[in-house]
Amino acid sequence: MRKVLLSVLPLLLSGTLLAQPVSDNAVIPVAVTLNSILRLNIVSGGNIEFAVNTLDQYTNGIANSSAYDTKFTVASSIDFDVVLYAEDADMAGSDVAGATDVLSLDNIGYLMSEDGSGSPATHWTLATSLAALTTSEAEIVASIASSGAGGIDKNSFIINWEMGTGVAPMNTYTILQQSIPADRYATNVILAVQEA
């Protein structure tokens, strides 16, 4: 009996050992990288040139028209703000050799309008009141929280420029009253998009 038991015991043990469940595992790292998209592109009106040729323009300035519009778009994966400011304290004359003529920045005015599928007061706020050009950063587009991000079809804007119209907050004196010498006056205007 003992021999039979000893001969059956290895069969029982091997069956038990072979019936043990086999388990293994592996680790699979999963990661997501989100790169911020924040791009501004000037579509048209990247160079605004006001030419004062008549006494009426010296007296009444040059009102906005499509010839004096800067259209730009923003593609952004996050809420954004757009600021605008002049690089120099005054517009410097450049055509008359040795001259130090200047034209004050407040002779240039602007206001904003939208040109895309986005809606003011829903996606962003715009500087829709007339403002005079300055060296201080002026916020012209400000995203409303969690609503500004989107493509260029949504975030399309227009800067409507005017010059010497005498409407406050612009310089209320006409170009004629300011007695500014004939010259070509220029400055760079910086348009920058930044995270809100």
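Residues numbered from 1 in each chain as written. Predicted model: local features only at pLDDT ≥ 70, side-chain atom pairs only at ≥ 80, totals over all residues. Heavy atoms only, no water.

### Quick look at the nonpolar core
Phe 72, Ile 140, Val 141, Phe 157 and Ile 159 are the most contacted members of the largest nonpolar core, which has 30 residues in total. When contributions to this core are tallied by element, the ones reaching two or more residues are strand 2 (69-76), strand 3 (80-86), strand 6 (108-114), strand 7 (124-126), strand 9 (138-143) and strand 10 (156-163). (Core = buried A, V, L, I, M, F, W, Y, C linked by side-chain atoms within 4.5 Å. Buried < 20%, exposed > 50% of the residue type's maximum accessible area, 1.4 Å probe, protein only. Helix = DSSP H or I, 4+ residues; strand = E, 2+ residues; numbered from the N terminus.)

### Section: unusual backbone geometry
It is generally the case that most residues other than glycine have a negative phi and that most peptide bonds are trans. Residues Ala 168 and Pro 169 are joined by a peptide bond in cis, for which omega reads 15°. Position of Pro 169 relative to the elements: it lies in the loop between strand 10 and helix 3 (175-178). Phi is positive for Ala 121, which is not a glycine, with a value near 75°. You can see Ala 121 is positioned in the loop between strand 6 and strand 7. In this model, Ser 179 sits at a positive phi of 50°, which is unusual for a non-glycine residue.

### Overview of the packing of aromatic side chains
A full pass over the atoms with the stated rule returns four aromatic pairs. Look at Phe 50 and Tyr 68: their rings are 4.5 Å apart centre to centre, the planes differ by 20°, and that puts the pair in the stacked class. Highlighted residues: Phe 50 in the loop between strand 1 (38-44) and helix 2 (55-60) and Tyr 68 in the loop between helix 2 and strand 2, separated in sequence by 18 residues. Note on accessibility: Phe 50 and Tyr 68 belong to one class, buried. An aromatic cluster of at least three residues, connected via ring pairs, comprises Phe 72, Trp 124 and Phe 157. (Phe/Tyr/Trp six-rings, centres within 6.5 Å; stacked < 30°, edge-to-face > 60°.)

### Looking at the sheet that holds strand 9
One key point about sheets: their strands pair by backbone hydrogen bonds, in either a parallel or an antiparallel sense. Across the sheet, which stays open at both edges, the four strands sit in the order 7-9-3-12 with antiparallel pairing between neighbours. Whereas interior strands pair on both sides, the edge strands pair on one side only; in this sheet they are strand 7 and strand 12 (189-195). When the angles between neighbouring strand axes are averaged without regard to direction, this sheet yields 20°. Relative to strand 9, strand 7 is paired through three bridges, and the arrangement is antiparallel. Looking at the pairing, Trp 124 lines up with Ser 143 of strand 9. (Pairing = 2+ DSSP bridges. Axes fitted to C-alpha atoms, helices over the stretch in contact; angles between N-to-C directions.)

### Describing the pattern of salt bridges
Inspection of every chain in the model, using the stated rule, returns two salt bridges. With its nearest N and O atoms 2.8 Å apart, the salt bridge here joins Glu 49 to Arg 184. Note that Glu 49 is positioned in the loop between strand 1 and helix 2 and Arg 184 in the loop between helix 3 and strand 11 (185-186), a separation of 135 residues in sequence. Accessibility expressed as a relative area gives 40% for Glu 49, which makes it partly exposed. Judged by relative accessible area, which is 34%, Arg 184 ranks as partly exposed. The salt bridge partner of Asp 115 is Lys 71, with a shortest N-O separation of 2.7 Å. Of the two residues, Asp 115 sits in the loop between strand 6 and strand 7 while Lys 71 sits in strand 2, which places them 44 residues apart along the sequence. (Salt bridge = Lys/Arg side-chain N within 4 Å of Asp/Glu carboxyl O.)

### Some words on the sheet that holds strand 6
Ordered in space as 1-2-10-6-8, the five strands form an open sheet in which the pairing is antiparallel. A single partner strand is all that each edge strand has here, and the edge strands are strand 1 and strand 8 (131-132). Taken together, the two bridges between strand 6 and strand 8 define a ladder with antiparallel strand orientation. Across the sheet, Gly 109 pairs through a bridge with Ala 132, a residue of strand 8.

### Some remarks on the layout of surface pockets
Taken as a whole, the largest pocket encloses approximately 810 Å³ of empty space. Forming the walls of the largest pocket are 32 residues, and the residues nearest its centre are Ile 48, Glu 49, Phe 50, Met 91 and Tyr 185. Those elements that provide at least two residues to the lining of the largest pocket are strand 10, strand 11 and strand 12. Ranked by the residues each element gives to the lining of the largest pocket, the list is headed by strand 10, at three residues. When its residues are assigned to classes, the lining of the largest pocket shows 22 nonpolar, seven polar and three charged. (1 Å grid on protein atoms, 1.4 Å probe; cavity = no way out; pocket = protein on both sides within 12 Å on 5 of 7 lines; lining within 4 Å. Points joined across faces, edges and corners; volume = space filled by probe spheres on them. Nonpolar A, V, L, I, M, F, W, Y, C, P; charged D, E, K, R; others polar.)

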